[in-house]
Amino acid sequence: MSISDLLSAHNVILDAGPANKETLLELLSTEAASRIGCQKEEILKALQAREHIGSTALGKGVALPHTELRGTETPLVLFARLRRPIDFDARDDEPVDLFFLVVWPTATRKGLLPVMGEICQALRDPQSLRRLRQAETPEAVVQLVRQALPPDAGLEMDEDEF
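Small disclaimer: the values here were computed from a predicted structure and weren't measured.

Asks: Summarise helix H4 (residues 112-122); cite the residues concerned and give the values.
Replies: In an α-helix, one turn spans 3.6 residues, which is why side chains three or four residues apart end up on the same side. Burial of H4 is extensive: 8 of the 11 residues sit out of reach of the surface. Taken as a whole, H4 has its buried residues at Leu112, Pro114, Val115, Met116, Gly117, Glu118, Ile119 and Ala122. In this structure, the buried side of H4 is in contact with helix H1 (3-6), strand S4 (66-69), strand S5 (76-86), strand S6 (96-105), helix H5 (126-134) and helix H6 (138-148).

Structure, rendered in structure tokens:
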């Protein structure tokens, strides 16, 4: 499974307004719960636990909050772009405005790392980040992410390859 299979325009949120990390995680949890049929509180608690281990901010204004959940069968990837960047405890001290949320079923754990790796690959190019910040529609975001992926994205990898 590839990010191209998981990210659709329906799962893109543009110009969201959370003012801090906590309200952003609440927004993402609410959106994820409505799409996969889990309780918002369960998702929020799992995301908060993951962030407690260490920030999922990648740097350059990007974060990749993620969690595995029992009881869900379908992986979910959401993209959210904020109107104003927020502090997300990034190592580079840059505020974050681009978020990819990944919620993965524990039963199919094998696909999580390859999808997260694809997201990271798609975000390496500063031009891709600039374009994501300027995208006017959810469809444009999806197209930009797909264009940023290497040609072999989506090919099955063993987690040992990471």
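Asks: Can you explain the nonpolar core? Please cite residues and give values.
Replies: Within the largest apolar cluster, 27 residues are counted, with the highest numbers of intra-cluster contacts made by Leu24, Ile43, Phe88, Phe99 and Val103. When residues of this core are traced back to their parent elements, those giving at least two are strand S1 (12-16), helix H2 (21-36), helix H3 (40-53), S5 and S6. Sorting elements by how many residues they give to this core places H2 first, with 6 residues. Core analysis: the second largest hydrophobic core is formed by 26 residues, Leu64, Trp104, Leu112 and Leu149 among them.

Asks: Before we move on, can you summarise the packing of H2 against H3 with the specific residues and values?
Replies: Closest axis-to-axis distance for the H2/H3 pair is 8 Å, and the angle between their directions is 135 degrees. The pairing of H2 with H3 is recorded here as oblique in orientation. By crossing handedness, the relation of H2 to H3 is classed as right-handed. Across from Lys21, Glu22, Leu25, Glu26, Ser29, Thr30, Ala32, Ala33 and Ile36 in H2, the residues of H3 making contact are Lys40, Ile43, Leu44, Leu47, Gln48 and Glu51. Here the residues of the contact of H2 with H3 are counted per class, giving 7 nonpolar, 3 polar and 5 charged.

Calculation rules
- Residues numbered from 1 in each chain as written.
- Predicted model: local features only at pLDDT ≥ 70, side-chain atom pairs only at ≥ 80, totals over all residues.
- Heavy atoms only, no water.
- Buried < 20%, exposed > 50% of the residue type's maximum accessible area, 1.4 Å probe, protein only.
- Helix = DSSP H or I, 4+ residues; strand = E, 2+ residues; numbered from the N terminus.
- Contact = heavy atoms within 4.5 Å.
- Core = buried A, V, L, I, M, F, W, Y, C linked by side-chain atoms within 4.5 Å.
- Axes fitted to C-alpha atoms, helices over the stretch in contact; angles between N-to-C directions.
- Parallel < 35°, antiparallel > 145°, perpendicular 65-115°, else oblique.
- Left-handed = near helix turned anticlockwise from the far one by under 90°.
- Nonpolar A, V, L, I, M, F, W, Y, C, P; charged D, E, K, R; others polar.

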